[in-house]
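Structural description and commentary
Letter by letter, the chains look like this.
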4 protein chains.
Amino acid sequence: MSKDKIIHAAMEVFSEHGYHRASMDEIAMRAQVAKGTLYYNFPGKAQLFKTIVKQALQDIINHTCQDLDNISISIEEQIRRIIRHNLDVILESRNVAHIIFNELSNGIEPEVLDEIKALKLEYLSFIGELLEEGKRNGYIVDVQPMIAASGIIGMLQSACNYYLSHQEQMTREELEHSLFTLITQGLLTNLE
Amino acid sequence: MSKDKIIHAAMEVFSEHGYHRASMDEIAMRAQVAKGTLYYNFPGKAQLFKTIVKQALQDIINHTCQDLDNISISIEEQIRRIIRHNLDVILESRNVAHIIFNELSNGIEPEVLDEIKALKLEYLSFIGELLEEGKRNGYIVDVQPMIAASGIIGMLQSACNYYLSHQEQMTREELEHSLFTLITQGLLTNLE
Amino acid sequence: MSKDKIIHAAMEVFSEHGYHRASMDEIAMRAQVAKGTLYYNFPGKAQLFKTIVKQALQDIINHTCQDLDNISISIEEQIRRIIRHNLDVILESRNVAHIIFNELSNGIEPEVLDEIKALKLEYLSFIGELLEEGKRNGYIVDVQPMIAASGIIGMLQSACNYYLSHQEQMTREELEHSLFTLITQGLLTNLE
Amino acid sequence: MSKDKIIHAAMEVFSEHGYHRASMDEIAMRAQVAKGTLYYNFPGKAQLFKTIVKQALQDIINHTCQDLDNISISIEEQIRRIIRHNLDVILESRNVAHIIFNELSNGIEPEVLDEIKALKLEYLSFIGELLEEGKRNGYIVDVQPMIAASGIIGMLQSACNYYLSHQEQMTREELEHSLFTLITQGLLTNLE
DNA sequence: CATGAATGAGAGTTCATTCAT
DNA sequence: CATGAATGAACTCTCATTCAT
């Protein structure tokens, strides 16, 4: 199927160059289809991008949901798993994640941008609700849940960025451990 | 001075459209100079961008340094001030910050990109060293300091993004409080 | 029959957008057939267009012939009927007529264009011969019959164009009356 | 000046191919400037086209005005001059005139199209007013002046089209004479 | 010091046409 | 008899950059 080849190629190219520098020519070339085929399958660049982002976000949500909904696990373990899933996604398809969480700035067709933002918000809300519930049960400190959710996602993304450029300084386990500690306990020790 | 007008205009335009969508034409127009003048004062778009970023990052570092170096203050207060300073910068010139911390992906001339990344790293190192020292003194938990530094900056940026789109849901004080709590204490309560 | 549906749809689309802006995609869509079916039934866009024009011109000729050949009527009445028939065609399917009489400029495959021009000439000749005969019988003034024929057709088309954009200024009867007066008597009064 | 070269080349290319088939590439080539230069001097194809048409129409109006306003001449002579001027324009730059009077169909940017239509209407109004005045003075028959004006222009254009394809059949003088007769006296002789 | 006309490579998009089914 | 996925050439337009002044 051309469509699949295009999506796959587009993911690569968008990841490597970001939205604006990604060219339909290169996507077509990598997908080994003619440029016209892109436009036969997708209305335009923005919509192709949207498709990519939508799918990636949906994948994250699905994976995380699946893993958390199974059995009732402790809040601590839930957080650990959310962190691990996000790291997986970010580290595997690093730039797709980067695009989703960061490069949704300006210059993309507003309608498409709005849709993507809504999708992203959905994901944040999913985490936000988890935190909200934890708060009600007294497991989670008193913070604005959505601020915490978006803050944590930003932290993971940003830390991964650093990690990817300095892999010689630490292992993935150390990364994960540091982030888990930071997110659950915060910076400060409980010294009296 | 043309140079100052250009820098000011460039900051605006890069902020509004991001690096790729910002056009030299618009920068020249806003600076009220001819297009050629841009190239008389700067070698090219990438270098102009670098200048902007450099200055912005330097400003953040200077401000923060100045505020922290004065007197010896508690680590808690230091963190609070770092958070406040970053929020100030991010919320005031939101998009410049967004560019610095996020849009440094691909498609920018590598040499320039590397310089900017180095600059960013410098800033992270500054925070990282603060944490390192806190760690040695036992005030800061055992996490990779640079991971923590980049994670925290990402958290602030990301949370601000959310805040800026949902200002009706909370005040700036609540934002700051949530972030401070999150960063110092983490998510979990200390229930036995 | 697919062919009929296509012709009908093509007439609509060519009328609405003109030859160049009419797309085979839209014709296929409106005809509710697949795009390939167009090429199964017609060699290409130009030939499809030719078919439309041919049919439309044939219709005008037939209608007019039929109405004039029946009985022997005065030259005045013949002219009145020619005007009326043309107005009917032009005002009903305004844009098909517009295409036939005007948009046969350039950019259409020469072979097809030539055929269409021949068809148009045939129609003009039909009117030209009527005038020629009137001239021989002394009813018609001494003008080049073909110039008169093409001039009259152009006048009708152009006046209709104006009428269609300014229908509030006059009725169809007034339009017809003005044109009849103009064509039979000319502009000038017979003042001594 | 690039601008003049472009306008000149554009006039040629639009004339030869009509609006839709005229390509910016060809205009640039003929003007011997780079493609970008077109867009440096004109916002886009439609506006370039508008400039051409505007200038051509203005020329016709100016020429005709100048010739008629000088001295008070008989209505008959006025008509003769209008016919002659139009024939001059149509026969000299045949296709520009064709574009102006006919090809303003669909598929051109609406705003530009509207401006051109307004310009064309201005020209028609100029003739329409002449006829109106003649009517008040009893020199011109009782017809809707604007219908007559647009009809006459259409007649000239259409007759010229025929003439240009059949120049071997008649001279320019015969063409002009036929049209003058047709327009002033109409088709019918004044036989009792 | 500064200008702005000119450039040209490259972008996204359209669309008549083909062909295996 | 009909399909529709696939094509690729051609299109309009953008924009960082150059250079004569």
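Residues numbered from 1 in each chain as written. Chains lettered and ligands numbered in written order. Predicted model: local features only at pLDDT ≥ 70, side-chain atom pairs only at ≥ 80, totals over all residues. Heavy atoms only, no water.

1. Digging into the overall build of chain A
Worth spelling out the cut-off: Numbering of helices and strands runs from the N terminus; a helix is a DSSP stretch of H or I covering at least four residues, while a strand is a stretch of E covering at least two. When accessible area is computed with a 1.4 Å probe and restricted to protein chains, residues below 20% of their type maximum are described as buried, those above 50% as exposed, and intermediate ones as partly exposed. Residue contacts follow a heavy-atom distance rule, with two residues in contact if any of their heavy atoms lie within 4.5 Å.
Helices and strands together make up the secondary structure of chain A, namely nine helices and zero strands. Starting at the N terminus, the α and β elements of chain A follow one another as α-α-α-α-α-α-α-α-α. Considered along the principal axes of its C-alpha atoms, chain A spans approximately 65 × 40 × 30 Å. Going through the 192 residues of chain A one by one, you find that 55% of them count as buried. Relative to all contacts within chain A whose residues are 6 or more apart in sequence, the contacts with residues 24 or more apart total 64%.

2. As for unusual backbone geometry
Phi is positive for B:Gln32, which is not a glycine, with a value near 60°. For B:Gln32, the location among the structural elements is in the loop between α2 (24-31) and α3 (35-41).

3. What about the protein's contact with DNA strand E?
Note the following rule: The near set for a molecule or strand comprises every residue that places at least one heavy atom within 4 Å of it. We call two N or O atoms a polar contact when they sit within 3.5 Å, provided that within protein one can donate a hydrogen and the other can accept it, with sequence-adjacent residues counted only if both atoms are side-chain atoms.
In the neighbourhood of DNA strand E, 29 residues make up the surrounding shell, with A:Lys45, B:Thr37, C:Met24, D:Thr37 and D:Tyr40 lying closest. Among the atoms of DNA strand E close to the protein, meaning within 4 Å, 58% are from sugar or phosphate groups. Between a phosphate oxygen of DNA strand E and a side-chain N or O atom of A:Tyr39, the distance comes to 2.8 Å. Measuring from a phosphate oxygen of DNA strand E, one finds a side-chain N or O atom of D:Thr37 at 2.3 Å.

4. Quick notes on the packing of aromatic side chains
Inclusion rule: Two aromatic rings from Phe, Tyr or Trp, using only the six-membered ring of Trp, form a pair when their centres are within 6.5 Å; if the ring planes differ by under 30 degrees the pair is stacked, by over 60 it is edge-to-face, and anything between is tilted. Ring-over charges, as used throughout, are those where CZ of Arg or NZ of Lys falls within 6 Å of the ring centre and within 35 degrees of the ring normal.
Under the definition given, this model contains twelve aromatic pairs over all chains. Plain terms: the ring middles of A:Phe14 and A:Tyr19 are 5.8 Å apart, the flat faces sit at 10° to each other, and that makes the pair stacked. With centroids separated by 4.7 Å and ring planes inclined at 55°, the aromatic side chains of A:Tyr19 and A:Phe49 adopt a geometry described as tilted. Taken as a pair, A:Tyr19 in helix α1 (residues 2-21) and A:Phe49 in helix α4 (residues 45-69) lie far apart in primary sequence, 30 residues in all. A:Phe49 matches A:Tyr19 in its accessibility class, with the two residues each being buried. A network of ring pairs unites the aromatic residues A:Phe14, A:Tyr19 and A:Phe49 as a single cluster. Across from the ring centre of A:Phe180, 3.9 Å away, lies the NZ or CZ of A:Arg80, which sits over that ring. Here the basic side chain of C:Lys45 rests over the ring of C:Tyr19, its NZ or CZ set 4.8 Å away from the ring centre.

5. What about the pattern of salt bridges?
Two side chains of opposite charge can pair, provided their charged atoms sit close to one another. Operational definition: In what follows, salt bridge is the name for a side-chain nitrogen of Lys or Arg lying within 4 Å of a carboxyl oxygen of Asp or Glu.
A complete count under the given rule lists 48 salt bridges over all chains for this structure. Its salt-bridge partner being A:Arg30, residue A:Glu16 comes within 2.8 Å of it at the nearest N-O pair. Taken as a pair, A:Glu16 in helix α1 and A:Arg30 in helix α2 (residues 24-31) lie far apart in primary sequence, 14 residues in all. A residue is classified by how much of its surface remains accessible, and A:Glu16, at 36% relative accessible area, is partly exposed. Owing to a relative accessible area of 29%, A:Arg30 belongs among the partly exposed residues under this scheme. Of the charged contacts in the structure, one is a salt bridge between C:Glu12 and C:Arg30, with a shortest N-O distance of 2.6 Å. On the criterion of sequence distance, the pair formed by C:Glu12 in helix α1 (residues 2-21) and C:Arg30 in helix α2 (residues 24-31) is long-range, its members being 18 residues apart. Relative accessible area serves as the criterion here: at 33%, C:Glu12 is assigned to the partly exposed category. Beyond isolated ion pairs, a larger network of salt bridges with shared partners links A:Glu12, A:Glu16, A:Glu26 and A:Arg30.

6. Digging into the relation of the copies chain D and chain C
Heads up, the condition is: Least squares is the method used to superpose the copies, on C-alpha atoms of residues holding a pLDDT of at least 70 in both.
It takes a turn of 179° to lay chain D on chain C, together with a shift of 0.0 Å along the axis; the resulting RMSD is 0.2 Å. Given the turn and translation reported, the copies of this chain are related as if by a two-fold rotation axis. Taking C-alpha positions as reference, the residue of chain D nearest the rotation axis is D:Gly186, located at 1.8 Å. When you check the interface residues of chain D against chain C, 98% turn up at the interface there too, and the contact is symmetric in its surfaces.

7. Some points on the environment of D:Thr189
Tracing the backbone shows D:Thr189 in the segment after α9 (172-185). Excluding residues within four positions of it along the chain, D:Thr189 makes contact with C:Gly138, C:Tyr139, C:Ile140 and C:Val141.

8. Describing the protein's contact with DNA strand F
Surveying the vicinity of DNA strand F reveals 29 residues, the closest of which are A:Thr37, A:Tyr40, B:Met24, B:Tyr39 and C:Thr37. Each atom of DNA strand F within 4 Å of the protein belongs either to a base or to sugar and phosphate, the latter forming 59%. A distance of 3.1 Å separates a phosphate oxygen of DNA strand F from a polar backbone atom of D:Ala22. Of all the elements in the fold, those that place two or more residues in the surface near DNA strand F are α3 (35-41) of chain A, α3 of chain B, α3 (35-41) of chain C together with α2 (24-31) and α3 (35-41) of chain D.

9. Examining the interface of chain B and chain A
For clarity, the cut-off: Under the scheme applied, nonpolar residues are Ala, Val, Leu, Ile, Met, Phe, Trp, Tyr, Cys and Pro; charged residues are Asp, Glu, Lys and Arg; polar residues are all the others, including Gly.
At the interface, 55 residues of chain B touch 56 residues of chain A. If you look at where chain B meets chain A, you find zero salt bridges. Across the chain B-chain A interface, the total number found is six residue pairs in polar contact (both at pLDDT 80 or more). If you list the elements that add at least two residues to the side of chain B that touches chain A, you get α1 (2-21), α5 (75-92), α7 (110-136), α8 (145-165) and α9 (172-185) of chain B. Looking at which element gives the most residues to the side of chain B that touches chain A, the answer is α8(B), with twelve residues. Partitioned by chemical class, the residues of the side of chain B that touches chain A number 25 nonpolar, 25 polar and five charged.

10. Brief notes about the domain arrangement of chain A
Residues and elements named next belong to chain A. Heads up, the condition is: Segmentation of the chain into domains, including their bounds, is taken from an automatic or database domain assignment. Once two parts are brought into contact, the accessible area they lose, counted with a 1.4 Å probe and summed over both, makes up the buried area.
What the domain assignment reports for chain A is domain 1 (1-42) and domain 2 (45-185). On a C-alpha basis, the centres of domain 1 and domain 2 stand 26 Å from each other. The interface is formed by 13 residues belonging to domain 1 together with 15 residues belonging to domain 2. Regarding the contact of domain 1 and domain 2, the summed buried area is about 1,400 Å², with carbon and sulfur atoms giving 72% of it. The interface formed by domain 1 and domain 2 includes zero salt bridges. In this assembly, domain 1 and domain 2 are joined by three residue pairs in polar contact (both at pLDDT 80 or more). Those elements giving two or more residues to the side of domain 1 that touches domain 2 turn out to be α1 and α2. With nine residues, α1 is the single largest residue contributor to the side of domain 1 that touches domain 2. Class assignment of the residues belonging to the side of domain 1 that touches domain 2 gives a composition of ten nonpolar, three polar and no charged.

11. Side note on the interface of chain D and chain C
In this complex, chain D contributes 56 residues to the contact, which on the side of chain C involves 55 residues. Where chain D abuts chain C, roughly 4,600 Å² becomes buried across the two surfaces, and 64% of that area is made up of carbon and sulfur atoms. When the area that chain D buries against chain C is broken down by residue, the three leading residues are D:Ile147, D:Leu187 and D:Leu188, summing to 16%. Across the chain D-chain C interface, the total number found is zero salt bridges. Here chain D is connected to chain C by six residue pairs in polar contact (both at pLDDT 80 or more). Those elements giving two or more residues to the side of chain D that touches chain C turn out to be α1 (2-21), α5 (75-92), α6 (94-101), α7 (110-136), α8 (145-165) and α9 of chain D. The dominant element in the side of chain D that touches chain C, judged by the number of residues it contributes, is α8(D), at twelve residues. A class-by-class count of the residues in the side of chain D that touches chain C yields 25 nonpolar, 26 polar and five charged.

12. Looking at the UniProt feature "DNA-binding region" (unreviewed entry) in chain A
In plain terms, the rule: UniProt positions are given in the numbering used here, feature names are shortened, and annotations may be inferred rather than shown by experiment.
Residues annotated by UniProt as "DNA-binding region" (unreviewed entry) correspond here to residues 23-42 of chain A. Along residues 23-42 of chain A, the helical share is 75% and the strand share 0%, with 14 Å between the first and last C-alpha atoms.

13. Considerations on the UniProt feature "domain: HTH tetR-type" (unreviewed entry) in chain A
According to UniProt, the feature "domain: HTH tetR-type" (unreviewed entry) maps to residues 1-60 of chain A in the numbering used here. In residues 1-60 of chain A, the share of helix is 85% and the share of strand is 0%. The end C-alpha atoms are 24 Å apart.

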